[in-house]
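Spelled out from the first residue to the last, the chains are:
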Amino acid sequence: MASIDPGAAERAVLRPGFGRLALYALLGFSAGLPFYMFNTVLFLRLARHNVDIVTIGYFAWVSLLPTFKFAWAPLLDKYDMPGFGRFWGRRRGWIMVSQLGIFLSTIGMAFTASDKSLPLTALFAVLLAFWTSTLEIAADGWRVELAPTAEEQGPLVAVNQWGYRISMVVAGGGAIYVAAVSDWTFAYLAIGMLAFLPFPLLAAMRSESGGNEGRIAALLAGLLTSAAAIAGITAGTAVVGWALLSAIGSVGIDNPDVMKYWVAGVGLLPFLVLGAAVPWLRRLPWHAPLRRSLAVGPYVDVAWRYGLVVIPILLFISIYRTGDVMANTLSHPMFNALGYGLKQISAADGVVALVSGLLGVTLGGLLAARVSMGWSLVIGGVMSALSNWIFAWLAHQAPGGPVLFSVFGLSVTAGDLDLYLAMAVDQFGHGFEGAVFVVYLSLLVNPRYPAAQYALFSGLAFLIPRLLAGLSGVFQKAIGYDGFFIMAGTMSIAVLVLLPLIVRAKPRPDDDPNATGAVAA
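Definitions and cut-offs
- Residues numbered from 1 in each chain as written.
- Predicted model: local features only at pLDDT ≥ 70, side-chain atom pairs only at ≥ 80, totals over all residues.
- Heavy atoms only, no water.
- 1 Å grid on protein atoms, 1.4 Å probe; cavity = no way out; pocket = protein on both sides within 12 Å on 5 of 7 lines; lining within 4 Å.
- Points joined across faces, edges and corners; volume = space filled by probe spheres on them.
- Helix = DSSP H or I, 4+ residues; strand = E, 2+ residues; numbered from the N terminus.
- Nonpolar A, V, L, I, M, F, W, Y, C, P; charged D, E, K, R; others polar.
- Axes fitted to C-alpha atoms, helices over the stretch in contact; angles between N-to-C directions.
- Left-handed = near helix turned anticlockwise from the far one by under 90°.
- Expected span 1.5 Å × (residues − 1).
- Bend = angle between axes of the 7 residues up to and from the residue.
- Buried < 20%, exposed > 50% of the residue type's maximum accessible area, 1.4 Å probe, protein only.
- Salt bridge = Lys/Arg side-chain N within 4 Å of Asp/Glu carboxyl O.

A.B. asks: Help me out: how do you make sense of empty space enclosed by the protein in this one?
C.D. replies: Sizing a probe to match a water molecule and rolling it over the atoms shows the empty space that remains. Taken as a whole, this structure holds two cavities of 30 Å³ or more when the rule is applied. Around the largest cavity, the lining residues are Tyr 36, Arg 165, Met 168, Val 169, Asp 349, Ala 353, Leu 354 and Gln 427. Within the residue set of the lining of the largest cavity, elements represented by two or more residues are helix 9 (150-181) and helix 18 (342-370). Residues of the lining of the largest cavity, tallied by class, amount to five nonpolar, one polar and two charged. Of the volumes computed, that of the second largest cavity is approximately 60 Å³. Among the residues forming the lining of the second largest cavity, the class breakdown is two nonpolar, no polar and six charged.

A.B. asks: Got a minute to help me understand the packing of helix 18 against helix 20 (residues 414-444) in this structure?
C.D. replies: Helix-helix packing is characterised by the crossing angle of the two axes and by the distance between the axes. Two elements in contact, helix 18 and helix 20, have axes separated by 6 Å at closest approach and are oriented at 35°. For the crossing formed where helix 18 meets helix 20, the hand is right-handed. Here the residues of the contact of helix 18 with helix 20 are counted per class, giving 19 nonpolar, eight polar and two charged.

A.B. asks: Explanation requested: helix 17 (residues 322-338) in the structure shown.
C.D. replies: Along an α-helix, residues three or four positions apart point the same way, because every turn accommodates 3.6 residues. With 17 residues, helix 17 extends 24 Å from end C-alpha to end C-alpha; this agrees with the ideal 24 Å at 1.5 Å per step. Approximately 35° is the largest bend angle found in helix 17, and it occurs at Leu 330, with the proline Pro 333 only one to four residues beyond. Across the 17 residues of helix 17, 14 count as buried, placing the element largely inside the fold.

A.B. asks: I'm lost on the pattern of salt bridges in this one. Help?
C.D. replies: Note on pairing: side chains with opposite charge can pair once their charged atoms come close. Inspection of every chain in the model, using the stated rule, returns six salt bridges. Measuring nitrogen to oxygen at the nearest pair gives 2.6 Å for the salt bridge that ties Asp 80 to Arg 90. In this pair, Asp 80 is assigned in the loop between helix 5 (73-78) and helix 6 (84-88) and Arg 90 in helix 7 (residues 90-110), connecting sequence segments ten residues apart. On the accessibility criterion, Asp 80 (38% relative accessible area) is partly exposed. Put simply, Arg 321, Asp 324 and Glu 433 are held in one network by salt bridges that share partners.

So this is what it looks like as structure tokens:
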């Protein structure tokens, strides 16, 4: 009997060509916009409202949610979104409800932009993070179904990343500029409307069966079920958030020393559990239920293939980008503290960040393709360190000084040039490091489980960094901005001591007799 191709219907609806590329560029753009709005832009907004730096640091924990997106990703593989899914199919159905969730969450952040109630600000930021992660899961799954070969994947990934990078400029530089000339409410409303652009395009597409009958009924049903789902998740998030804040408050959220111990415990727990489980997982035969499970099989496979060396591998992954995340958390509050205006910060986040970041990504990708992975990771780590240390230098500079030149009506002073130079070095270094890192993670993945294992690796890559980022304000108060960025850069160098343990790690051959090229364990 011929095997069923689950992606055949989707490929028939959206065939290769300019339309497919344009849609994925737009989806990348739509996913990148909200990420910046509950991350970097939010940190700057809180700083402008004179929120304490320790509290701003705690808001970095909102970004932990995308780290765990692999936890609900199997649900999107198994179930349709009622209403939308019936007409547009599973992947597009989840993308559409995610778009609605992103739009409404951004509206919520817009109308709480005074930050007078920080719990409300946090609620809408968490919801925005959740729906953004859900959009990425659905879009990645659809991409795999649309383009099952490497030749087809390459262009889709490229345009998706370009869309994501451009969105960083729009959400960073653009939103900050709008806030400078208007206010934060209008800035969030503008980004919410831009992020919603793919929805009408998806709604106008043909059904999975290729026809158009029942479109209006499916749209109305999808809107109603989406409203119910969004309301339920909002209520659930509010209840869970209240419980977590109460629990954290009881253990001393106002006591930085206590929080350090909790962060250390949460960060180390996965490695302790994995260390205890690997010897047992390593002995599981190919037909064991855990290895065959749709939900956990891909993750068990990681431990089975690599054995105990998986612990230093995952530890390296979890620390390598710490400098990047730490810099992202406190860079904009530092710009504000130094006295830079929103227009200067928007320029730094705009053209400067885009050009230098794309250059870094391009050169990092070329290096990873031509130099051994070990040396590529070393150079990437050094670049990340320099990206942080340049901010330690900037901490001793100041805006103002003589006007050197003007660009599009914006006068650039000597102090402004310091900011733009620091941002250029930062974005180049972290773009370079990020490109090398993506190649390394891709090489670790078992081709049998590309989506699930990449979600696991990319999620763990930000677990420890984002946990530490939540304490950024605590560190800053203790050692200042310059000490903070020196520390963050040093961590990028220190993790390289694990390289000798991981660069020669080879995965165990597959023992499933039904798999191509399988061998006995």
